[in-house]
Structure formats: structure tokens, C-alpha cells
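Overview (structure and organization)
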Amino acid sequence: MTKHRYLVFGLLACLIVAACGGSGSSGGVKPATGGVLTIDNESGGLWACGFNPFNASVNGLSFGIVYEPLVYDNLLSDKKTPMLASAYQWSSDSKSLTFTIRSGVQWSDGQPFSAADVVYTFNLIKQNSALDLQSVWSVLSSVTQEGSDKVLMTFAQSAVPYLYQIADQVPIVPQHIWSTIKDPVGENDPSPIGTGPFTVGQCTPQNISYSRNPTYWQKGLPYLQTVNYPAFTDNDPANQFLAAGQAQWGGQFIPNIDTYYVAKDKAHNHYWFPPIDNIDLWLNQTAPPLNNKAVRQALAFSIDRGSVSQKGEYGYEPAGNQTGVLTPTFTSWLDSGQLSKYSYKFDPTKAASLLQGAGYAKNSSGIFADSSGKALSFTVISIAGYTDWDASLEVVKSNFKQVGIDLKVVDQSSNDYFNNLFNGNFQLAYGSLATPPGPSPYYELRNTLHSATTADIGQTAAGDYGRYKNPALDSLLDQFGATTDPAQQHKLMNQVEGIMLEDVPVIPVTEGVAWYEWTTKGFAGWPTPSDQYAAPAPWNLPDWEVVLLHLYKTS
Amino acid sequence: MSYLVRRLEFFVITLWAALTINFLLPRFMPGNPAEAMLVRFHGRANPQAVKTMEIAFGIHTDQNALQQYLQYLGNTLQGNFGTSLTFFPSSVGKVIMLGLPWTVGLVGTATVIAFVLGTLVGMLSAWRRGGFLDAILPPVFIVISAFPYFWIGMLCLLLFSITWPWFPLGFGYQVDSSINLSWAFAGDVIWHAFLPALTIVVTSIGGWILTMRNTMITTLAEDYVKMARAKGLSPIRIMLMYAGRNAILPNLTGFAMSLGFVISGAILVEIVFNYPGLGFMLLQAVNNEDFALMQALFLLITVAVLVAVLAADMLTAWLDPRTREAA
């Protein structure tokens, strides 16, 4: 598939000449109710018209715009906006959290929403752990109602950053409906009742049509009357649909996007790919030579990240850096002083001297070997069919070769790959963390490095696939989780970055992005690099709700 | 009569064998559905959550194979195919109905059109061997049928949907229209099906033309055709009832087979035209190790092929009296 894909894209791009004049800027138009917006996102299958917000394969169709969270926490900036909770307060020891539940909100069937619904929802996912997609009950100890409008949550230990998972990532469902459902895990939920700005109108295997909720609690919102979400089984037709102007909001990879999409209508078509996680080279540290710090540092000097980004990812996914802090998304967290002190760039001389310092010498074929003559040769696993990763690893392979390190790339089926990754059956592995990203570097770095997330070889690890163990680092991350003071958090994060730079437990190579394409033809209010009010991909949950609340039609 | 009874016996035994193989095959595949679920979540699921999901899916690793087999046979005969993993928690029956009407409608119609047209063209070009028709059509369509499906499909899309936007860019009907029984909707469906159907017809017609033309040429040299000519029968009657009736027999079985395989859809056509069919679903079921959906789809294909072959056998018995006597 992939080979012809690029060929045909090239063909289309050459043959179609952008002919749209465009009507200039949309400024000055006052938002009014109305308009039909179409989302364009590869779904990989037909719609089965189920909307259970706790079912990870369909929650992208209901969580946010139908079922809302307590607090919206911007994935890109960690800026929090109260939603179903009008306020929240941590106790002084950060072990209990009190939400004040908003009044005047009603479910789309007209029933009033209350604190009891929130308590019900959290206890529902406690009783049915398959519904607890964020594992919030791994830190919670109880959720109870206090008075008429307060919900008290208590924790076994301080877990301040978990506010993101609890308040932003758990959809609140109505008790009066869900308490009548016998099997909430096997529930299809074909006609969901939520508090959100949209309700499900018509659903066919080919398209879901969402209609404006006229009784939505944010008065006057949403502006849009209808949102269409067609099912695309593959990238190609989705990209054609978007480029033809039949959809307005895209969320997928488009090769040669400047010619294929932007050039069709230069005045209106845009894209923006903000980084949301790292694509790492995982180093299994349970066996030599990767348990040797000097070797790990040498590897970090042996990758031309810029070249990987350009050749492997079209430059769409920017180069990563060794602190693991995403730039530009989380630049405010980056300790650039330390980063430049270590200056991990592609430097074969530096890598060679580190390896020589660790007792390695080049053998007759130009590959470094240890004192026993064993050549420095690694095997890296990747996912078959991820052609961008294959191209990236080709660059890494030739970089390594220049230094004098041998690399073999093994593509595995995604089942085998994840199994091996989680169980630690690899030497090097290329890929991102399987747990969802978060609104600050803490979330990814904790899941990448904290020994509480790892497991023995042969056991499933939730994170830290390289089996890195460092009590000092664990303690830093635990302290981070116990404080609400930003200054203190930054101090701790800088120390974590110092360990990333010094120990090289994992090598961030490029940064995974949220794919986002939009047109200002007919619609305004889009998130942009200068107005990052939400993570912009239609599959960023629940951020897409916030985007749809901002959009309005201009013509 | 005994011919038909033997065909029926054969049908039942083959069906049982197919059911059994259908039960065994997925279980020999490596991996387990929980890992497959992870991929479905784009690798963004918590392994613990997947573990609990696995329990929720009711993957019975505790039952022995015989118990599972008997349960499977019982459920299948009752038309109960279980719950799809990919489309959890929808039942397999419901999931299949999402795509079945579209696949049968599009691929089925296109296959019939290709067969009828191909047979007619093959017959005519053999009848006027070396004539104008014979010089143009068979070579052209045989060359076209060597092109891959998706290439022709993309070319059609490029020419007739993008360069000249006469036809839609994809889908089985107007994206936001509801499914109903009205003339307007029927017209919409035909308008959307035109390019995908054209692709299938154009790429598959060559095979029918070639086989029909070749058997027809052999048949035309038979003594009974010469006899018919000598009797002074009308050329049309000779072409259709004497030569054509005999020449079509080998093609008929091939046609039955291809009708059976209609169920498996045309994956590439579905992908290119984003058509709501079963082919892509089958691919997804295999990728996600969705045993229940896979079994139901394979079973559907097998049964369709068997039924079609049975029907072809009966048709052959009617067209060719010799099969009836060779008991």
C-alpha cells in the first residue's frame, strides 16, 4: 500500500492546480449559530454507532463533546479551565481534593446534573476496572459527596499531577441512566445522554452527525449547528476528501502537505503539528553493554536527530532532545543551560572517545569491540508497516556505522512488537510510550523512567521498558507529585533533566505530533500556533470539545 | 436425480469440513487478542486496562478444545456468532450487516455485469473470428485486466471525480444522508457506486471474454454445429443454443465461484473509494485477531461459494443432459 500511496499523491499534486481565489480574511464576523462542519480523520473502519465513553475504541466519538470532564486541562500548556466542576481545592498535605460541582447544568434529556452523578461515575469505574482507562483508582482511595455540591476525593499518597487523569480524562455519565445498565463494560450506548455541547443525531456506518445541544450550560454555545464525522478506512481517501475542500478539520498525516493540501488554497488551508510525545530509542539496561553509562552516552552522540527528522519524518516531527522535554510545547520546562553543557549532537569523535574510554577499540572491519573482541553490535525492534520509522532507523543505522557501531533493524508485527517491548525482550527498541501523553513533561518522564512503572524481564511493564532503576530519580518524581508549587516543580524537573542527560536511560530521537489541518474558508475560531487554546487534533480527547466550542461559521 | 443427491451429500460434508477448519484456523494463529487490542488503541492503552478488558471480552482460555468446538457448532447453527472484538461490544451479526448489503450490491452487481458482458463479447468475437469486434475488444480488455484494481480505481477517481468532478470522491451514498427506501436515495447510491463498479467490471471482464472466446472457438468446430449449419438453422439460434450453450459450461463454474467470493469484497476498491464494505472489515478482523468476526466472515464466504457451486451444478445438469445420465 505505502509504495503506491506516495506515487499517487505525487500524481494528484502535479495534476491539480489550485484555482480557488478565496474571500480574504474572516475577521470582523460576529459568531452566530449555524453551520455544518465536517471532520476528516482516518478511523480505520466503519462506525458501529456505539458511544460508550469508557470503551477505548469508541470513546473518541463521545468523550468531550457528549460526555464532559470535570476540568479541562490543556494538553499543550497545562492551563486548566473549569467545566463540570466550577472549582477544586487540594488539601495542605495534597492527599485530598475537593471539587465544587457546577450548578445549573442539565443532561441532554432534561434531567438536572449534580454531584451525585460525579460520585456515581467514579464509583462505577472503581467497580468495573475495565472502565478505568486511566487507572485513576491506582491512586484514589475514596470518592464521596460532601454537602449538596461538593465531591471529596482522597488519595493514599499525594498525587497532585493525577488531577489531569482524574479531572480531565474521566467522562462524567448520568446516574439515572447508567445505574439501569446491567453490564456497563458491554454497553453499546447507542444514544448517549451527556452534558456536552452536542448530541448524537443520525448515525450510519458511514457517518455520525452531531447536533447542537440547545440546552448546553455555556449560554450561546456551541455556535455550530451540525458536526459530521465520516468514517474513513484509510488515509488516502481521507486526504483526498480534505484536499478537495469537502471537510474542514483534518487530523492525519499527509505526505508533501505543502503541495498536496496548502497549495490548493493558499489563503485558507493551514497545518500545525505540535509535538505531544517523544519517539524514543529504548535501551534495555539489564544486560551489557547497555548497562554501561559510557556506552549509552556514546549512542546519544551517535544519532543525527535533525537528519532523522528530515529524512524519516518529512521534517513534520521535529528532532527530540536528550532532556526528554518536548520543544516547543514544553519549552518553559527546559533547562537549556544543562542541555547545552552536555551538547548531545551528532559527534562521531566524541562518541569514539567515550567508547575508547570504556575499553573499546576498533577492530579490522572498523567496528568497536570490547577487550574480549566482541563487536559492538545492536538489534533494534520496530513495527512492520511503519515506513517512516524504517526510514528513520536507516538514518540511525548509517550514523552508527560512521561512529563504528553495528545496527540491525528487525521489523515485527505490532502484536509481537508490543509484547516484546512490554516484557523487555529486546536490546534496542524504537517507539513511543504506550501510555497517553500529559500536559507537562512530568507525565511522560515519570512513565519513561520511574521504577514503579517497570517490571522484571518477562513481566508486563506499564512504562520504563528499558528497566532503568534509579532511587534518586524516583524520589525526585515523587516529590514532584507531592507539590503544587510551580517553582519547586521546575527545580525538581531540572534535576530530572540532569539525570536524563548524565545517565541517558533512554534516547529521545524525534517528537511525535498531533496532526492537524484546517481551512479558514467558511469557519473561524481555530487553534493556531499563536493561540494554543487546545491540542488541535480531532482525536485529542477531550480537547476536541474545546475546539468545537470555539469554531463558528463566517460565510 | 441421484446426481443431485450426490451433489447434496458432497455439499453437506464440505460444509462440515469448512466449519471445522474455520474453528481450528484462527486458533493456530500466533498472538492473543488482548495484545491486538493494544494496537487498536494505537498503542495508547494501559496494559492493566487491557488485561481487564480481556476478561470482559470473555476469552475462554479455561475451556478445553472439545467444549469450545461443540459450543461453536451449536452457536453457529443458531446463527449466533458472538461478540466482535474489533467493534466491541457490537455483535458479529450486527457488524456484518454494516457492510454486507453494500458489498453484495456493489461487487455482486459488478460481477454479474462483467460475466454477462464478457460472455456475450467472447461469444460474438468467436462467432466473427478475426472480425472488427474480435480484433479490438479481447486484446484491449485483457491488457486492462493485467492492471491492478487500485491503479484503475485511482485513475478513475483522478479523472472523473477530481479533474472532472462528475462523480463523488468516495462513500456509498451522500455522507450525511440517511438510509431510506426512496428513489432519490437509490439514485444517490447508483451515482456513488458507478466508479467502483466500473473499476471492477473493467478489470475483471477480460478473463470472461478470453475463456468464453476460446471455448466457443473449439465448440464451433464440433460436428453438431456443422450439422446445425447444414440443416440451415438461423445463425443466431446456432450461436446461442448450439455453440453458446455448450461453450458456457466451463465458465459457469468459474462464475459461481466468483459469486461466492463476492462476500469477501474487493478490499482495494473499498479502500480507494472509501466504500462501506466487508473486505476491509475482514482485513481488520485478521489484523486484530478478532476470532468471532473472522470465523463468521470466513463461514459466510465458504457457504456462499458452496451454495453457488451447488447452483452451478444444478444449472449444468439442466443445460447439459450428459451430466444427468453419467450416474
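Residues numbered from 1 in each chain as written. Chains lettered and ligands numbered in written order. Predicted model: local features only at pLDDT ≥ 70, side-chain atom pairs only at ≥ 80, totals over all residues. Heavy atoms only, no water.

1. Quick look at the packing of helix 14 (residues 471-482) of chain A against helix 15 (residues 486-503) of chain A
All names here are of chain A. At a minimum axis separation of 9 Å, helix 14 and helix 15 run at an interaxial angle of 155 degrees. Overall, the two elements helix 14 and helix 15 adopt an arrangement that is roughly antiparallel. Remark: the crossing between helix 14 and helix 15 carries left-handed chirality. Seen from helix 14, the contacting residues are Leu-473, Leu-476, Leu-477, Gln-479 and Phe-480; seen from helix 15, they are Gln-489, Leu-492, Met-493, Gln-495, Val-496 and Ile-499. Residues belonging to the contact of helix 14 with helix 15 are distributed by class as follows: 8 nonpolar, 3 polar and no charged. (Axes fitted to C-alpha atoms, helices over the stretch in contact; angles between N-to-C directions. Helix = DSSP H or I, 4+ residues; strand = E, 2+ residues; numbered from the N terminus. Parallel < 35°, antiparallel > 145°, perpendicular 65-115°, else oblique. Left-handed = near helix turned anticlockwise from the far one by under 90°. Contact = heavy atoms within 4.5 Å. Nonpolar A, V, L, I, M, F, W, Y, C, P; charged D, E, K, R; others polar.)

2. Considering the environment of Val139(A)
Residues and elements named next belong to chain A. Note on placement: Val-139 falls in the loop between helix 2 (115-127) and strand 6 (140-146). With a relative accessible area of 5%, Val-139 lands in the buried category. Sequence spacing of Val-139 and Ala-156 is 17 residues, and the spatial spacing of their C-alpha atoms is 6.3 Å. (Buried < 20%, exposed > 50% of the residue type's maximum accessible area, 1.4 Å probe, protein only.)

3. Some points on unusual backbone geometry
Cis geometry is found at the peptide bond from Leu221(A) to Pro222(A), where omega equals -10 degrees. With respect to the helices and strands, Pro222(A) occurs in the loop between strand 9 (207-212) and strand 10 (226-230). Located in the positive-phi region is Ser135(A), a residue other than glycine, with phi close to 50 degrees. Within the secondary structure layout, Ser135(A) lies in the loop between helix 2 and strand 6. At Phe171(B), a residue that is not glycine, the phi angle is positive and equals roughly 75 degrees.

4. Brief notes about the nonpolar core
Within soluble globular proteins, side chains that are nonpolar tend to cluster in buried spots. If you look at the biggest cluster of nonpolar residues, it comprises 158 residues, and the most contacted ones within it are Leu70(A), Phe99(A), Phe122(A), Met153(A) and Tyr210(A). Residues contacting Leu70(A), with those up to four places away along its chain left out, are Pro82(A), Met83(A), Leu84(A), Ala85(A), Phe99(A), Ile101(A), Val118(A), Phe122(A), Met153(A), Ala167(A) and Ile172(A). Counting residues in each nonpolar core, the second largest holds 63 residues, with Phe171(B), Ile200(B), Met212(B) and Met239(B) among its members. (Core = buried A, V, L, I, M, F, W, Y, C linked by side-chain atoms within 4.5 Å.)

5. Regarding the side chain of Ser382(A)
Residue and element names in this part refer to chain A. Secondary-structure assignment places Ser-382 in strand 16 (residues 377-383). Assessed through its relative accessible area of 0%, Ser-382 is described here as buried. What Ser-382 contacts, discounting residues up to four positions off in sequence, is Trp-389, Asp-390, Leu-393, Val-410, Asp-411, Gln-412 and Tyr-417.

6. Here's the deal with the side chain of Asn284(A)
All names here are of chain A. Within the element layout of this structure, Asn-284 appears in the loop between strand 13 (275-283) and helix 7 (293-300). Of note is the side chain of Asn-284, whose polar atom sits 2.9 Å from the backbone oxygen of Gly-424. Ignoring any residue separated from it by four or fewer positions in sequence, one finds Asn-284 in contact with Leu-290, Gly-424, Phe-426, Gln-427, Ile-457 and Gly-466. (Polar contact = N/O pair within 3.5 Å; in protein donor to acceptor, adjacent residues only side chain to side chain.)

7. So, the sheet that holds strand 16 of chain A
All names here are of chain A. Here 5 strands make up an open sheet; going across it, the order is 17-16-18-13-19 and the pairing mixed. Only two strands of the sheet have a single partner each, and these edge strands are strand 17 (406-412) and strand 19 (506-513). Averaged over all pairs of adjacent strands, the angle between their axes in this sheet comes to 25 degrees, without regard to strand direction. Judged from the 7 bridges that link them, strand 16 and strand 17 form a sheet pairing that is parallel. Paired with Ile-383 across the strands is Gln-412, a residue of strand 17. Helix 7 contacts strand 13, strand 16, strand 18 (428-431) and strand 19 of the sheet and is inclined by roughly 35 degrees relative to strand 19. The sheet strands contacting helix 11 (residues 387-403) are strand 13, strand 16, strand 17 and strand 18, and the helix crosses strand 17 at an angle near 165 degrees. (Pairing = 2+ DSSP bridges.)

8. Remarks on the packing of helix 8 (residues 305-313) of chain A against helix 11 of chain A
All names here are of chain A. Two numbers describe how helix 8 lies on helix 11: the axes approach to 8 Å, and their chain directions differ by 145 degrees. For the crossing formed where helix 8 meets helix 11, the hand is right-handed. Contact with helix 8, carried on its side by Ser-307, Val-308, Lys-311, Gly-312 and Glu-313, involves Asp-388, Trp-389, Ala-391, Ser-392, Val-395 and Val-396 of helix 11 and no other residues of that element. Of the residues in the contact of helix 8 with helix 11, the class split is 5 nonpolar, 3 polar and 3 charged.

9. Focus on the pattern of salt bridges
All names here are of chain A. As enumerated under the stated definition, the model contains 6 salt bridges over all chains in all. Two residues, Lys-150 and Asp-149, come together in a salt bridge whose shortest N-O distance is 3.9 Å. Relative accessible area serves as the criterion here: at 31%, Lys-150 is assigned to the partly exposed category. For Asp-149, a relative accessible area of 31% gives the class partly exposed. (Salt bridge = Lys/Arg side-chain N within 4 Å of Asp/Glu carboxyl O.)

10. Thoughts on the state of the cysteines
Residues and elements named next belong to chain A. For the structure on display, the rule yields 1 disulfide over all chains. Disulfide partner of Cys-49: Cys-203, at an S-S distance of 1.9 Å. Here the S-S torsion is close to -90 degrees, and the disulfide linking Cys-49 with Cys-203 is therefore left-handed. Of the two residues, Cys-49 is situated in the loop between strand 1 (36-40) and strand 2 (71-73) and Cys-203 in strand 8 (residues 198-204); the sequence distance between them amounts to 154 residues. The partly exposed category is assigned to Cys-203, whose relative accessible area is 23%. (Disulfide = S-S within 2.5 Å.)

11. Considerations on the packing of aromatic side chains
What the rule picks out here adds up to 47 aromatic pairs over all chains. With a centroid separation of 5.6 Å and 70 degrees between ring planes, the pair formed by Phe253(A) and Tyr314(A) is classed as edge-to-face. One end of the pair, Phe253(A), is in the loop between strand 11 (249-250) and helix 6 (257-260); the other, Tyr314(A), is in the loop between helix 8 and helix 9 (336-342), with 61 residues separating them in the sequence. With a relative accessible area of 32%, Tyr314(A) lands in the partly exposed category. Here a set of aromatic residues connected by ring pairs shows up, and it is made of Phe253(A), Tyr271(A), Phe273(A), Tyr314(A), Tyr316(A) and Trp515(A). In this structure, Arg7(B) packs its charged tip against the face of Phe10(B), placed 5.3 Å from the ring centre. (Phe/Tyr/Trp six-rings, centres within 6.5 Å; stacked < 30°, edge-to-face > 60°. Lys NZ or Arg CZ within 6 Å of the ring centre and 35° of its normal.)

12. Here's the deal with the environment of Leu152(A)
In this fold, Leu152(A) is placed in strand 7 (residues 150-155). Once residues within four sequence positions are removed from consideration, Leu152(A) is found in contact with Ser96(A), Leu97(A), Thr98(A), Ser142(A), Val143(A), Thr144(A) and Glu146(A).

13. Observations regarding the pairing of strand 6 of chain A
All names here are of chain A. Two elements, strand 6 and strand 7, share 6 bridges in a ladder whose sense is antiparallel. Each residue of the ladder has a partner; that of Leu-140, found in strand 7, is Phe-155. The turn joining strand 6 and strand 7, which pair antiparallel and follow one another in sequence, is formed by 3 residues; a positive phi near 65 degrees is taken by Gly-147.

14. A few points about the confidence of the model for chain B
Chain-level pLDDT for chain B is 81 on average; 87% of the residues reach the 70-or-more range. Scoring the predicted complex yields pTM 0.84 and, for the interface, ipTM 0.80. (pLDDT = per-residue confidence, 0-100.)

15. Looking at the pairing of strand 7 of chain A
Successive side chains on a regular strand alternate, one facing one side of the sheet and the next facing the other. Taken together, the 5 bridges between strand 5 (residues 96-101) of chain A and strand 7 of chain A define a ladder with antiparallel strand orientation. Pairing of Phe99(A) across the sheet is with Val151(A), part of strand 7 of chain A.

16. Topic: the environment of Trp47(A)
Here Trp47(A) is to be found in the loop between strand 1 and strand 2. Spatially, the C-alpha atom of Trp47(A) lies 8.9 Å from that of Val58(A), the residues being 11 residues apart in sequence. Discounting residues that sit within four places of it in the chain, Trp47(A) has contacts with Leu61(A), Cys203(A), Thr204(A), Pro205(A), Gln206(A), Asn207(A), Ile208(A), Tyr229(A), Pro230(A), Ala231(A) and Leu98(B). Within the local environment of Trp47(A), its side chain forms a polar contact with the backbone oxygen of Tyr229(A), the two atoms lying 2.8 Å apart.

17. Points about helix 5 (residues 92-127) of chain B
With 36 residues, helix 5 of chain B extends 49 Å from end C-alpha to end C-alpha; this agrees with the ideal 52 Å at 1.5 Å per step. At Gly99(B), helix 5 of chain B shows its maximal bend, which comes to roughly 35 degrees, and the proline Pro101(B) appears one to four places after that position. (Expected span 1.5 Å × (residues − 1). Bend = angle between axes of the 7 residues up to and from the residue.)

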